[in-house]
Amino acid sequence: MDPKQQSILIVDDESQVRGVIGAIVNMEGYLYSMAEDAETALEILAVQEVDLLISDINMKGMTGMELLRLVLNRYPDIAVIMVTGIDDRETAIETLHMGAYGYVTKPFQANELIINIANALRRRQLEIENRRHRENLESLVEERTRELHKSRDESIHILSKAAEFRDNETAKHTIRMGHYTERLAFLSGLPEALCQNLKHAAPLHDVGKIGISDSILLKPGKLTVEEFEAMKAHCEIGYRILAESTSDVLSLGAEIALTHHEKFAGNGYPRGLAGENIPISGRIAAICDVFDALTSERVYKKAIPPEEALIIMNEGRGTHFDPRLYDLFVDHFPTFVQIRTKFAD
Ligand SMILES: [Fe+2]
Ligand SMILES: [Fe+2]
């Protein structure tokens, strides 16, 4: 924009002062309008684009200070210069603290006013550009963060799919695990961001099955004691695959991989952790994993209806499952059945 095409609003209750200022800015080629009091100035501002306000401080009715406060509030992009009497220095300085860009003391030289105007308009321009730049940067960062999350989610999904290829369990099992876990985490009062991370981490719980041999993984019948011992290694393997990551989600995935077969009473595997020594992510995943396993069909068993699964799971309250989490699960059982139905195999 041609700087001289910028428009100035002059507010002063003395017509003579308005005239002088008007003549100066006119000579400099600025567009301008005038108001004899603050009320009129506000009316003009409501309908007209103004870049710079030049306002007297001492006016009948609303003072220049009050006008300044209102204008900065309503129109943060307007630059303001105050015009003050000789004994008003203190007030003038106060207006600078309030956000005015400058002041001139009456009587003033034309030059003094011109320099003040040019400075104020220049500074206003810089501040507007600065803000725009900042807003651009912020939206750029947001966009990049979204892309990053998307590619992270994709990688995690691919990783859990790789594990499923080795397993009897279906792709839907890992998806459901994500949703159940997020839901139960939310019900247990965990912060929203953590719940979201858990949703992406839980599908990785069995990623360690990549390291278990086919003869065990795909065996249709019951496992022998030795085979079951070998199968247990999937927790440590999953943990080792994921633990070195610096990503929040993958670290949570590592924690869940390691602890989703621990039992509240301490007789689970691989570490035999008990009670709250089992991370809450693992305690939540344990409930969700058992529920989904019971209600899913496998080569070696039929699916059990949710209500029957619940009867079986009740036995594990306080022994297999954290009783507080389990009660939340039972209290909101229909939500979990809904997820089960929504992402059916
Ligand atoms: Fe597992
Ligand atoms: Fe599972």
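Residues numbered from 1 in each chain as written. Chains lettered and ligands numbered in written order. Predicted model: local features only at pLDDT ≥ 70, side-chain atom pairs only at ≥ 80, totals over all residues. Heavy atoms only, no water.

### With respect to the packing of helix H11 (residues 280-294) against helix H13 (residues 323-331)
The condition that has to hold: Between N-to-C directions, angles cover 0 to 180 degrees, with each direction set by a line fitted to C-alpha atoms, over the stretch in contact for helices. Strands are runs of DSSP state E lasting at least two residues, helices are runs of H or I lasting at least four, and both sets are numbered from the N terminus onward. When an angle is under 35 degrees it counts as roughly parallel; over 145 it counts as roughly antiparallel; between 65 and 115 it counts as roughly perpendicular; any other value is oblique. By definition, turning the near helix anticlockwise from the far helix through less than a right angle yields a left-handed crossing, and turning it clockwise yields a right-handed one. Should any heavy atoms of two residues lie within 4.5 Å, those residues are counted as being in contact. For this scheme, ten residues count as nonpolar: Ala, Val, Leu, Ile, Met, Phe, Trp, Tyr, Cys and Pro. Four count as charged, namely Asp, Glu, Lys and Arg, and the remainder, Gly too, count as polar.
The geometry of H11 relative to H13 is characterised by a closest axis approach of 10 Å and an angle of 45° between their N-to-C directions. The angle between H11 and H13 places the two elements in the oblique class. For H11 against H13, the interelement crossing comes out right-handed. Here H11 contributes Ile280, Arg283, Ile284, Ile287 and Phe291 to the contact with H13, which in turn contributes Arg324, Leu325, Tyr326 and Phe329. For the contact of H11 with H13, the residue count by class is seven nonpolar, no polar and two charged.

### Looking at the domain arrangement of the chain
The following threshold applies: Domain boundaries shown here were taken from an automatic or database domain assignment.
Segmentation of the chain into domains returns domain 1 (3-136) and domain 2 (166-342). The C-alpha-based centres of domain 1 and domain 2 are spaced at 67 Å.

### Concerning the sheet that holds strand E5 (residues 102-105)
Applied cut-off: Here the rule is simple: two strands pair whenever DSSP picks up at least two bridges between them.
Across the sheet, which stays open at both edges, the five strands sit in the order E2-E1-E3-E4-E5 with parallel pairing between neighbours. Of all the strands in the sheet, the pair left with one neighbour each is strand E2 (31-35) and E5. Across the sheet, the mean angle from the axis of one strand to that of its neighbour is 20°, orientation sign disregarded. Inspection of the sheet shows strand E1 (residues 7-11) paired to E2 by five bridges, in the parallel sense. Bridging across to E2, leucine 9 finds its partner in serine 33. Packed on one face of the sheet, helix H5 (residues 110-165) meets E1, strand E3 (52-56), strand E4 (79-84) and E5 and runs near 170° to E5.

### Observations concerning the coordination of the iron ion (ligand 2)
For a metal bound by four donors in tetrahedral geometry, the ideal donor-metal-donor angle is 109.5 degrees, whereas six donors in octahedral geometry ideally sit at 90 or 180 degrees. For the record, the criterion: For Na, K and Ca the donor cut-off is 3.2 Å; for every other metal, N, O and S atoms count as donors within 2.8 Å. Water does not enter the count, which can leave sites looking incomplete. The cut-offs for exposure are 20% and 50% of the maximum accessible area for each residue type, with area from a 1.4 Å probe on protein chains only; residues under the lower value are buried, those over the upper are exposed, and the others partly exposed.
For the iron ion (ligand 2), the protein coordination sphere consists of His173 (NE2), His205 (NE2) and Asp289 (OD), at 2.1 to 2.3 Å. For the iron ion (ligand 2), the single-chain donor residues occur in sequence as H-x31-H-x83-D. In this structure, the iron ion (ligand 2) is positioned 4.8 Å from the iron ion (ligand 1). Here histidine 205 lies in the loop between helix H7 (192-201) and helix H8 (214-217) and histidine 173 lies in helix H6 (residues 171-187), a separation of 32 residues in the sequence. Taking relative accessible area as the criterion, histidine 173 reaches 1% and is therefore assigned buried.

### Focus on the coordination of the iron ion (ligand 1)
Cut-off, in case you're wondering: Think of it this way: with four donors and all angles in the 85 to 135 degree range, the site is tetrahedral; with four or six donors, opposite ones beyond 155 degrees and the rest between 65 and 115, it is square planar or octahedral; otherwise it is irregular.
Of the protein atoms, only Asp206 (OD), His234 (NE2), His260 (NE2) and His261 (NE2) coordinate the iron ion (ligand 1), at distances of 2.1 to 2.3 Å. Classification of the site at the iron ion (ligand 1) rests on its four donor atoms, whose angles at the metal span 84 to 171°, yielding the label irregular. Each donor residue of the iron ion (ligand 1) belongs to the same chain, and together they define the spacing D-x27-H-x25-H-H.

### Examining the packing of aromatic side chains
This is how the line gets drawn: The rule is short: rings of Phe, Tyr and Trp, with Trp giving its six-membered ring, pair when the centres are within 6.5 Å, and they are stacked under 30 degrees, edge-to-face over 60, tilted in between.
Under the definition given, this model contains nine aromatic pairs. Seen from their ring centres, tyrosine 180 and phenylalanine 291 are 5.5 Å apart, and the 75° between their planes marks the pair as edge-to-face. A residue pair is termed long-range when its members are at least 10 positions apart, and tyrosine 180 in helix H6 and phenylalanine 291 in helix H11 qualify at 111 residues. Take tyrosine 180: its relative accessible area is 0%, and that puts it in the buried class. By relative accessible area, phenylalanine 291 is classed as buried at 0%. With 4.8 Å between their ring centres and 50° between their planes, phenylalanine 329 and phenylalanine 336 make a pair best called tilted.

### Some details on the pairing of E1
To keep things clear, this is the line we draw: Crossover handedness is defined here as right-handed if the route from the first strand over the helix to the second strand goes clockwise, with the strands pointing away from the viewer.
Of all the five residues making up E1, five are buried; the element is thus mostly covered by neighbouring parts of the structure. Here E1 shows a buried face lined by Ser7, Leu9 and Val11 and a second buried face lined by Ile8 and Ile10. The handedness of the E1 to E2 crossover, carried by helix H1 (residues 15-27), is right-handed. Note that E1 and E3 share four bridges and pair parallel.

### Some details on the environment of isoleucine 212
Its location among the elements puts isoleucine 212 in the loop between H7 and H8. For isoleucine 212 and isoleucine 237, which are 25 residues apart along the polypeptide, the C-alpha to C-alpha distance reads 8.9 Å.

### Comments concerning the state of the cysteines
Under the convention used in this document: Any cysteine sulfur atom paired with another within 2.5 Å is treated as part of a disulfide.
Evaluated as defined, the whole model comprises zero disulfides. Between cysteine 235, a cysteine without a disulfide, and cysteine 288, which holds the nearest cysteine sulfur, the sulfur-to-sulfur distance is 16 Å. Classification of cysteine 235 as buried rests on a relative accessible area of 0%.

### Focus on H5
Short version of the rule: By this rule, a helix spans an expected 1.5 Å times one less than how many residues it contains.
Compared with an ideal rise of 1.5 Å per residue, which puts 56 residues at 82 Å, H5 spans 83 Å between its outermost C-alpha atoms and is within 8% of the ideal. The set of residues buried in H5 consists of Leu113, Ile114, Asn116, Ile117, Ala120, Leu121, Arg124, Ile128, Ile156, Ser160, Ala163 and Glu164.

### Quick notes on the pattern of salt bridges
We count it as follows: Here a salt bridge means any side-chain nitrogen of Lys or Arg lying within 4 Å of a carboxyl oxygen belonging to Asp or Glu.
Here the structure, examined in full by the defined rule, presents 22 salt bridges. Where lysine 106 meets aspartate 56, a salt bridge forms, and the shortest distance between an N and an O atom there is 3.4 Å. In this pair, lysine 106 sits in the loop between E5 and H5 while aspartate 56 sits in strand E3, placing the two residues 50 residues apart along the sequence. The class for lysine 106 is buried, based on a relative accessible area of 19%. Here glutamate 229 and lysine 232 are joined by a salt bridge, their closest N and O atoms 3.0 Å apart. Here the residue glutamate 229 and the residue lysine 232 both occupy positions in helix H9 (residues 225-242), the gap between them amounting to three residues, near one helical turn. When its relative accessible area of 22% is taken as the criterion, lysine 232 is described as partly exposed.

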